[in-house]
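What follows is each chain in one-letter form.
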Amino acid sequence: MICSRLRRVMFQVDFLSLVAGGLVIWFIKRVFYSSNNSRNAPYPPGPKPKPFIGNALDFPQFRPYEAYVEWGKRYSSDILYASALGNKILIVNKLEDADELLDRRARKYSDRPLIPIVDLTGWAGNVALLHYGKSWRLSRKLCQQSFRAEAARDFHPLLLKKIHEMLDRLLVNPEDFDEHSKMLSISVPMITMYGYEVESFQDPCIVAAEESIAVGSDLLLPGRSWINTFPILRHVPPWFPGATTRRIAEQARQINKRVRDIPFEFVQKKVAEGTEIPSFVSRFLRRQQEGRSSQEEDEAVRNIAWTVYSGASDTTISATGTFFYLMTIHPEIQKNAQSEIDRVIGPGRLPNFEDRPSLPYIDALYREILRFRPPVPMGVAHALTEDDYYKGYFIPKGTMILPNIWAMTRDESIYPEPLQFKPERFLDANGNLNDDGRVLAYGFGRRICVGKHIGSDTLWIIIASVLASFNIERSKDDFGNEVEVNHDYHDLGILHHKSKFQCTFVPRSAVVKKLIEEAR
Ligand code: HEM
C-alpha cells in the first residue's frame, strides 16, 4: 500500500551499482563476514550464484510472481533463495510456508528491508516501511484503534457519500469510468483521514503528492542512486560538489514534509474553528485538546494519515479496474449478482452497509476479485531479524521475504480450477458464504494490511452500488459491432493494474437514475 515506485526498489536490484560495486562488497564479505550457520545447513534451493554478482542476473524484471512459480517447478521447491551483493531474498510460493514463517515465527519475520535512500527522501515515516520496533508498534496500535472492523464503521457515511458521487459521475460521463474510479480512490482516504473534500485532480494536495512521487521516487529506480549500494554515501552533505542525488533527496524530503503537513494543518484549522468533518486526524486533535495524547502520537498520526492518503488509493484503483473488467467479460456472473441485489434490496433504494450480511453472492464476488487478481501480487517484503532454520535449510538474518500471493491464490489444492473466475467457490451448497473468509491479498502476520476492513468496506460498497445501478456491457463501435476487450494487465512497481479497455455503463432503470440524482 505504499507508493508503487517506492516499492519497486524492495525487490529490484540496482543493477548498474551492483556490477560496479560487486567486487568490493564480495571482498569485504569474504574477509569480514562469517555466517552463524552452526548447523552447516544449506540455503533453500534456487539459481546457482555467479562469482561476485551472485544472482543479480537471475532476478526477473517482469511479472516476477509468474517467474517465481517457474523457479518453484525448476528447483522442485516451494521456498526459493537467491542473493546478490548483500541482498538476500527468500521467495515463498505456498501458503503453509508463509503462515509458518510470517505468522507463527512473526517475532523474527516482521521487519522491513533496509532501503538507505528512504530515510533521505522523507519516506521513512511511511507506516508500511517502518522497521519493526517502537515507532511501528505505536503506529500499528493507533491504526488498529481506528481501522478495526467495529471502528471502521465510523467511516461508512463518508464512504457512502463518495460512492454516490462516483455513481453520479458514471451517469453523466460513463466513458471516463477509469477517471471516476481514480477520483473515488483518492477522495476516500482524503475524506476519511482529514475530512478533506477533493474537488478535482488539480487539487493542491493531490498535485503536491504527485510532485513528491515524481521527484523522490526517481531516486529509487534501479541504477539511479549509489546510496542504496553504499549506504555510507548518505553522509555526504547535499552541498558537496557532485552530490546530485543528495540534493534531489533533500528536495524530495522537503516536498514530502509539505505533503504530510498541509492537510494536517488544514484539519487543525478546522478543528480550531469547530467546522471539521469528523475524520481520523480530527478525532485525534480533539483528544489532544483534552490533553489525552503525546508528542509521539502526534508524529505517528501525521505519518499514518499521510501513508494512507499517499498510498491506499493504488490498491483500490487496481481492484476496481479488475471488477469493471471481469463484469464486462462475465455477463452471467454480473446477472447472478444483480438478481441477488434485486431480490434482497429491490428497486426502490441504493445498497448500504446494513445489506452486507444479506448479500452473500456479492461478498463471494468481492473475495474472488481479490483472489483472481491480487493488487499486490508479490505482497510487501518482510525482513528477517535473526538467523533461522526451516525445513532443514538455513535462512540468514537480513533476508528479505517475498510472499508470492499470486502463486498462493493459484494453488489448486486450495482453489480448484484456479484460473476460472468463480465467485461460487466461496459459497456453500445453500448459497451461504463458506468459511474461507481469509483474503490473501492483504498479506501476512503482524504486518498484514492494517486497513483491510476499510479496504473491504470500500470495495464491497463499490461492487454492490455499481451493480445495483448499471449494467456493465461490452462497448459497440459505430456499426454496432462489439469492441474487443483488452485483456492485458501491467505492473506499476509492485502493483498490478488493469490496462485500459472499453466498456459501457448503462443505467438499469429510470428509477435508479432518479435515485442517483437524488443522492447528489
Ligand atoms: C483492496 C485494498 C488493499 C489491499 C489489497 C492491501 C494490501 C496490503 C498488503 C499486501 C500489505 C502488506 C502486508 C504484509 O506486509 O504482509 C498492506 C499493508 C498496509 N496497508 Fe493495505 N491494502 C489495501 C487497502 C488499504 C487501506 C484502505 C489502508 C488504510 C486505510 C491500508 C493501509 C495499509 C498499511 C498502513 C499497511 C502497512 C502495515 C504494516 O506495515 O504494518 N491498506 N496492504
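Note that the structure is a prediction, hence the values are computed from the model and not measured. (Residues numbered from 1 in each chain as written. Predicted model: local features only at pLDDT ≥ 70, side-chain atom pairs only at ≥ 80, totals over all residues.)

Description of the overall build of the chain
Selection rule: The secondary structure listing takes helices from DSSP runs of H or I that are at least 4 residues long and strands from runs of E that are at least 2 residues long, numbered from the N terminus. Radius of gyration: over C-alpha atoms. The globule rule applied is 2.2 Å multiplied by the number of residues raised to the 0.38 power. Throughout, a pair of residues is in contact if the C-beta atoms placed from their backbones lie within 7 Å.
A count of helical and extended segments in the chain gives 18 helices and ten strands. What you see for the chain is a C-alpha radius of gyration of 24 Å, in line with the 24 Å of a compact globule of 520 residues. A principal-axis box enclosing the C-alpha atoms of the chain has dimensions of 75 × 55 × 50 Å. Within the chain, residue pairs in contact and separated by at least 24 positions form 77% of the contacts whose partners lie at least 6 positions apart.

Observations regarding the UniProt feature "binding site: heme" (unreviewed entry) in the chain
The line we're drawing: UniProt positions are given in the numbering used here, feature names are shortened, and annotations may be inferred rather than shown by experiment.
According to UniProt, the feature "binding site: heme" (unreviewed entry) maps to Cys-449 in the numbering used here. Inspection of the secondary structure assignment puts Cys-449 in the loop between helix H16 (405–409) and helix H17 (452–469).

Observations regarding the nonpolar core
Put simply, the rule is: A set of buried residues drawn from Ala, Val, Leu, Ile, Met, Phe, Trp, Tyr and Cys, joined through C-beta atoms within 7 Å, is what defines a nonpolar core. Three exposure classes are used, all based on how many other C-beta atoms lie within 10 Å of a residue's own C-beta (placed from the backbone): buried at 20 or more, exposed at 12 or fewer, and partly exposed between those limits.
Counting 125 residues, the largest nonpolar core has Val-281, Ala-305, Ile-362, Ile-401, Ile-463 and Ala-464 as its most contacted members. It is helix H13 (residues 295–329) that provides the largest number of residues to this core, a total of 13 residues. Discounting residues that sit within four places of it in the chain, Ala-464 has contacts with Ile-341, Pro-351, Asp-355, Leu-359 and Ile-362.

A few points about the environment of Asn-471
Position of Asn-471 among the secondary structure elements: in strand E7 (residues 470–473). By the C-beta count within 10 Å, which is 15 here, Asn-471 ends up partly exposed. The sequence separation of Asn-471 and Ser-339 amounts to 132 residues, and the corresponding C-alpha distance is 12 Å. Residues contacting Asn-471, with those up to four places away along its chain left out, are Val-506 and Arg-508.

A closer look at the site of the ligand
The following threshold applies: In this analysis a residue is considered near a molecule or strand if the C-beta atom, reconstructed from its backbone, is found within 6 Å of that molecule or strand. Under the convention adopted here, Pro, Cys and the residues Ala, Val, Leu, Ile, Met, Phe, Trp and Tyr are nonpolar, Asp, Glu, Lys and Arg are charged, and Gly plus all remaining residues are polar.
Near the ligand lie 29 residues; those nearest to it are Gly-443, Arg-447, Cys-449, Gly-451 and Gly-455. Only helix H6 (134–147), H13 and H17 provide two or more residues apiece to the shell around the ligand. For the shell around the ligand, the leading source of residues is H13, giving six residues. Looking at the shell around the ligand residue by residue, the class counts come to 19 nonpolar, eight polar and two charged.

Here's the deal with the sheet that holds strand E6 (residues 400–403)
As a reminder, the rule being used: DSSP-based pairing: two strands are paired if at least 2 bridges between them are found.
An order of E1-E2-E6-E3 is seen for the four strands of this open sheet, with the pairing classed as mixed. Looking at which strands have only one partner, the edges of the open sheet turn out to be strand E1 (79–84) and strand E3 (382–383).

As for the pairing of strand E9 (residues 495–498)
Looking down a regular strand, the side chains alternate between one sheet face and the other. Pairing between strand E8 (residues 489–492) and E9: four bridges, direction antiparallel. Residue pairing for E9: Leu-492 is matched across the bridge by Leu-495. Counted along the chain from E8 to the antiparallel partner E9, the turn is two residues long, and its residue Gly-493 has a positive phi close to 60°.

Here we look at the packing of helix H15 (residues 360–372) against H17
Stated formally: Inter-axis angles, ranging from 0 to 180 degrees, are taken between N-to-C directions of lines fitted to C-alpha atoms, where helices are fitted over the stretch in contact. Here is the rule for angles: anything less than 35 degrees is roughly parallel, anything more than 145 is roughly antiparallel, 65 through 115 is roughly perpendicular, and the remaining ranges are oblique. Take the far helix as the reference: if the near one is turned anticlockwise from it by less than a right angle, the crossing is left-handed, and if turned clockwise, right-handed.
At a closest axis distance of 10 Å, the pairing of H15 and H17 adopts a crossing angle of 120°. Here H15 is positioned oblique relative to H17, judged by the angle of their axes. Crossing hand, H15 versus H17: right-handed. In this structure, H15 contributes Ile-362, Asp-363, Leu-365 and Tyr-366 to the contact, and H17 contributes Leu-459, Trp-460, Ile-463 and Ala-464. For the contact of H15 with H17, the class distribution of residues is seven nonpolar, no polar and one charged.

Section: unusual backbone geometry
Despite not being glycine, Asn-40 shows a phi value in the positive range, around 55°. With respect to the element layout, Asn-40 can be found in the loop between helix H2 (15–32) and helix H3 (64–74). Among the residues examined, Asn-40 registers 6 C-beta atoms within 10 Å and is labelled exposed. A positive phi angle, near 40°, is found at Arg-63, a position not held by glycine.

Regarding the environment of Leu-433
Inspection of the secondary structure puts Leu-433 in the loop between H16 and H17. As a C-alpha pair, Leu-433 and Glu-484 span 51 residues in sequence and 34 Å in three-dimensional space. In this view, Leu-433 contacts Pro-360, Asp-363, Ala-364, Phe-426 and Leu-427; residues no more than four positions away in its chain are not counted.

A short note on the environment of Pro-351
In this structure, Pro-351 sits in the loop between helix H14 (331–344) and H15. Taking the C-alpha atoms as reference points, Pro-351 and Gln-145, separated by 206 residues in sequence, lie 27 Å from one another.

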